[in-house]
Amino acid sequence: MEAATAPAVAAFHVTKKFPGVIANEDVTFDVRVGEVHALLGENGAGKTTLSNILTGLYRPDSGWIEVLGQKAEFHSPRDAIAAGIGMVHQHFRLIPTFSVAENIALGSAHNPVAGRFDMSAIEERIVALSESFDLPVDPRAKIWQLSVGEQQRVEIIKVLYRDARVLIMDEPTAVLTPVESEVLATTLQSMARNGRSVVFISHKLGEVASIADRVTVLRHGRSIETVTENDVTALASLMVGRDVESVKRSTESTTQSLAASTPVVLEIDDLRAVGDRGLTALDGVSLNVRAGEIVGVAGVAGNGQRELVEILAGLRRSVSGSIRVDGESLENGSTRHPIRLGVSYVPQDRMGTGLAPDLTIAENMALKKYRRPPVARPPFIRQSVIDAEARELMERFDVRAPSETTPTRRLSGGNVQKVLLAREMSGDPKVLVIASPTQGLDVGAVATVHQLLLDAAESGVGILLVSEDLDEVLALSHRIAVMYEGRVLDVVERSDADVQRIGLLMGGEMEESA
Amino acid sequence: MSINDNIFVVIMASAIFYGTPLVFASLGEVLAERSGVLNLGVEGMMLLGAVAAAWVSTNVGGPAFVVLPLAILAAMVAAALGAAIHAFLTITLRVNQIISGLALTIFAGAAGLSSYLAGIWHLGQSPVAHQFLRLDVFGLADAPVVGPILFHQTLLTYISWIFVLGASFYLFKTRMGLHLRAVGESPQTADSVGIPVVRYRYAHVIIGGSFAGIAGACFSLMIVPTWVDGMTAGQGWIALALVIFGFWRPDLMLVGAYLFGALSSLSLTLQARGFHISTAFLAALPYVMTIVVLVIASNASSRRQLGAPAALGKPYEREER
Amino acid sequence: MRRFGFRLEPRSDLPKWLPWAVPVGSFFAALLVGAIVLGVTGQNPLSVYARIVDRAFISEGAFSGTLVSATPLLFTGLCAAVAFRIGFFNIGGEGQFVMGAIFGSGIALKLGADAPGVLSVAAMIVFGAIGGGLWALIPGILKARFRTNEIITSLMLNYVAAVIATYLIFDSNSFWRELSGSGAVFPKGKVLPTVAWWPKLDFGSIIVPFGFLLGMVIAGWLYALQRKTRFGFEMRVVGGAPTTARYAGMKPTRVVVAVAALSGALAGIGGATDVGNFRHILDPKGLQQSGFGYAGIVVAALARLNPVAVVFVAILLGGITNAGYALRGPDFPAGLVGVLQGLILFCTLGGEVLARYRITRSARPSGVETTLEPA
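Report follows, based on the coordinates. (Residues numbered from 1 in each chain as written. Chains lettered and ligands numbered in written order. Predicted model: local features only at pLDDT ≥ 70, side-chain atom pairs only at ≥ 80, totals over all residues.)

**Brief notes about the packing of helix α2 (residues 42-59) of chain B against helix α5 (residues 113-120) of chain B**
Residue and element names in this part refer to chain B.
- Packing of α2 against α5 brings their axes to within 9 Å, and their N-to-C directions diverge by 15 degrees. Our classification of the angle between α2 and α5 gives roughly parallel. Considering only the axes of α2 and α5, their crossing is left-handed. Of the residues in α5, those touching α2 at L47, L48, A50 and V51 are L113, S114, L117 and A118. (Axes fitted to C-alpha atoms, helices over the stretch in contact; angles between N-to-C directions. Helix = DSSP H or I, 4+ residues; strand = E, 2+ residues; numbered from the N terminus. Parallel < 35°, antiparallel > 145°, perpendicular 65-115°, else oblique. Left-handed = near helix turned anticlockwise from the far one by under 90°. Contact = placed C-beta atoms within 7 Å.)

The following block contains the structure:
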């Protein structure tokens, strides 16, 4: 490491405020040439805002950025790219209908001729890059044909193609299998050895500790400390700023398995379905949930979890197989029948699927009961009942909003989830299907949501919890089902869950190699 | 009877003649739509172009080879100004593109600004002084079959062919075309690699508008050729349908334009030849055809993504998370 | 790289007066721009406006004439308002209006001169609604079934409807066509029997067409439908969030089809009103020239899709139209009505943005920042 030379990129006293929120406050850190530098922090700690400042999407309210010791001012992403800073976003910025080469050449100054572009020259350059950095990819393939891991490679080459010396990677492993993550780690380290710098944004302690040379911890928008630490527990307490053990306390209630006599409320038998592209998405899934039980479904996104929950909610039709709720068979593809049978569903896409953003909290809370009395007095609805029930639910579920007539799009993520849970829990459901319940929520809201789920199970609701966050699944579930390529590979009791083994199962045991 | 009086030759020749404004208008629209902006103001912009061209042709002195290019230029500018209003409202103010486009057509259209301007300029009382006449290219106008169809058209038709080739090349073979398509597919992605989304959208909506102006000039300088209120008679809407019909590809749109041109001329030609067929049926045919094609295209496109820009109709706000 | 010198920030608080101030302010802004257009083209804006106001609202019988012009706009305005609210962009009000006129006049002619007047009028309303409703069902079902873009299909059907009306009167010996007397020489429609002429109610100095009263009642009914019923609740959800609607057990496609039919029925009643209350004859040329369907979209947009507000906006724009007819002549520019309508619409659309966003000057690199919370 050449500590003597100026840092590849550095931020000094950067502050960025949004109306009502301070996203970054007095953040200072530097990235050396040839190092992998992690930005560690919880959701909402200001990591993404900081990376957006480094890549020219935002300008800081105060503070400044230096590149190789020179003060730099970015007016747009283009300026940041010109200064050699490139970003690989968590949600890929790729155009599915374009080829790999087209996506990489997009907006780049590296087009040999300004007017007509020379595809073969572009492709050559891509092949050269992919060979020297060991990132195999076919430049002529269309993006939609590629796996998630391959798409990420395209994103990385896209940044390298622009001669970036600093790569900022936002939660790069969130979408990858454990095996793919390991390959990525090797790639990043080899890039660092080649004189590039990598800024690695993550909240996963383990990978930060193993990949990064140095770690800057962000908490509540402030840079707490830059350390060379690779002890997970020490990093954890820096990150959360409190006793880590508190997170694990909630698990005790679920470590004991339920009595075998507890009735089964959800019975999925040999369910098969195809996904949006017409490929097999569910390949014979069988799974039971008993009353008062939380069954966690772990797995990397895209292994059939979405299709499974959509079928349970009636938003998608299955090809074959059966679903029984409390003994009664669920109609295929009906959204009303699950509601009638007491299946509640909290979708991952809360605003897009769960709520009508422009409608009020009260109206959203009435979404599933507007059809029946007391809310309805056909053909009319009673606004006064809707409002009164909403006020009561807001109280009970601690929804913080000016009033029940506030449109839901004005609410914070935590309150949005509370509105959804309030609605879904209020109809005395037998089964609750919930997908990624705490994604994007702040720490306080995560704790509230977890408590609500535990309370619901306590009161006898059978819960199917689908989450990519393995820690969450481990913390809440009685049993854990691991999904891989449309199948449930195994269901294990929480008490004898082996994290190592679940991780391997999520990657399809050891068959998959990137 | 010469082979060139054969009904298919006559209809093909007039299909190209009547299809020419559709080619220009749909090319203009495809540029806007490829950038992600739907512009329903085509009809209004065409009428603005038509009235501006009619004014220049009537009032500017000089030989035709000077006046006609000026008239086309005026048509382009007039229509582009109309498009600029739409661009400002939809791109900068992020107003609903459908309503804004309709507003443009109402503002500029048959009972709006074009008619107002024609009124105060006293247009429409006589044919325009200069018009685009049919040419005899390479002296082949009388050649069997191909003569009337390919070599006996006006200059505007030949220009439209160059435009189709140019637009195809631009969209699919140049860097700017690639960037344009990226803006229409995913403005977020385009922005993240430094393509100026807003500038691209403005430029293509406005240039697209100027094409609609040429389409309007086709009516007042070539087809009619004088000013009549509302003279484009709904062809601007057909142009919108053609973009979908041609899957956002200039070459296919050209085919579609001539198909619709053929249908428009079919009823006249058949009647002139004494066929007993209801004119009403034939008059309705292009519109019904459009609906049928749309149904087929929309169904197929939902399955196979035939080229509809993914971000079409959506205003772009930088997602700042 | 320089971008625009201002940006839009969403307002966190909406002052109570804003929803009212915006349309009013937009209206005056449009008048101002219109005055510039008039001034530049050598007219005296003040005198043109004064004449419009006079002939629309003030002079003898002007307001009665304005209500006549407002009646079709009221119906086509409601047609657009109801459909646009759920995101069904029905711009086929024009054709649905024509089909309503064809069906309405057809039943009146069929019932003949001996039928009771009440029956004739009621039947015309029902058949007008059926005619317009069926015509709007075509784009509605195509959208629900094939996801076909309703804008283009409903628009194409406007032309088809016009062709049908023309065919009935000019191109065939249809039931609607007058074949005796002067009709044998010059094609025209049969005059409806006088029992089928809708009443005009005389309130002293103002004569109110029955059709206008009917439209007002329907506007009130629509308001109640949207705010107070289960179907109205479904409309709100489907309009704002179709995926959510499906998730909540609603059937968005059914709601869309039902609203399409309702929307078309409203325009269709407008068409029946047009023959029953005013023309008493099926007049394809007159229908085609009027452009009521498109003007209805202006009305709906200016009324912010609120059915009750549609009534007032229809009167306002009806006044401009009425004055335009009355003043038509060498010293009154043609096309001005469309220019003013278009300008009002542009200004309202722009004004809406001012209502929703706060505009701040900024030297920021980005055009727009909207998300409040950082991730």
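Picking up where we left off.
**Notes on the interface of chain B and chain C**
- Counting from both sides, the interface comprises 46 residues of chain B and, opposite them, 48 residues of chain C.
- Residue assignment for the side of chain B that touches chain C shows that the elements contributing at least two residues are α3 (64-92), α4 (97-108), α5, α11 (235-245) and α13 (279-304) of chain B.
- At 13 residues, the largest contribution of residues to the side of chain B that touches chain C is made by α13 of chain B.
- Here the residues of the side of chain B that touches chain C sort into 27 nonpolar, 14 polar and five charged. (Nonpolar A, V, L, I, M, F, W, Y, C, P; charged D, E, K, R; others polar.)

**Description of the sheet that holds strand β7 (residues 166-170) of chain A**
Residues and elements named next belong to chain A.
- In spatial order, the strands read β6-β7-β8-β3-β9-β10; together these six strands make up an open sheet with mixed pairing. Of all strands in the sheet, those with a lone pairing partner are β6 (85-88) and β10 (222-227), marking the two edges. Taking each pair of neighbouring strands and ignoring which way they run, the sheet shows an average axis angle of 20 degrees.
- Relative to β10, strand β9 (residues 214-219) runs antiparallel, the two sharing five bridges. Within β10, the residue paired with R219 across the bridge is R222.
- Against the sheet, helix α1 (residues 47-54) engages β3 (36-40), β6, β7, β8 (197-202) and β9, with an angle of about 150 degrees to β7.
- Contacts from helix α5 (residues 148-161) reach β6 and β7 within the one sheet, and its direction differs from that of β6 by about 170 degrees. (Pairing = 2+ DSSP bridges.)

**What to know about the interface of chain A and chain C**
- The interface is formed by 37 residues belonging to chain A together with 22 residues belonging to chain C.
- For the side of chain A that touches chain C, the secondary structure elements donating two or more residues are β2 (21-31), α1, α12 (336-341), α13 (350-354) and β18 (380-381) of chain A.
- The leading source of residues in the side of chain A that touches chain C is α13 of chain A, at three residues.
- Of the residues contributing to the side of chain A that touches chain C, the split by class is 19 nonpolar, 12 polar and six charged.

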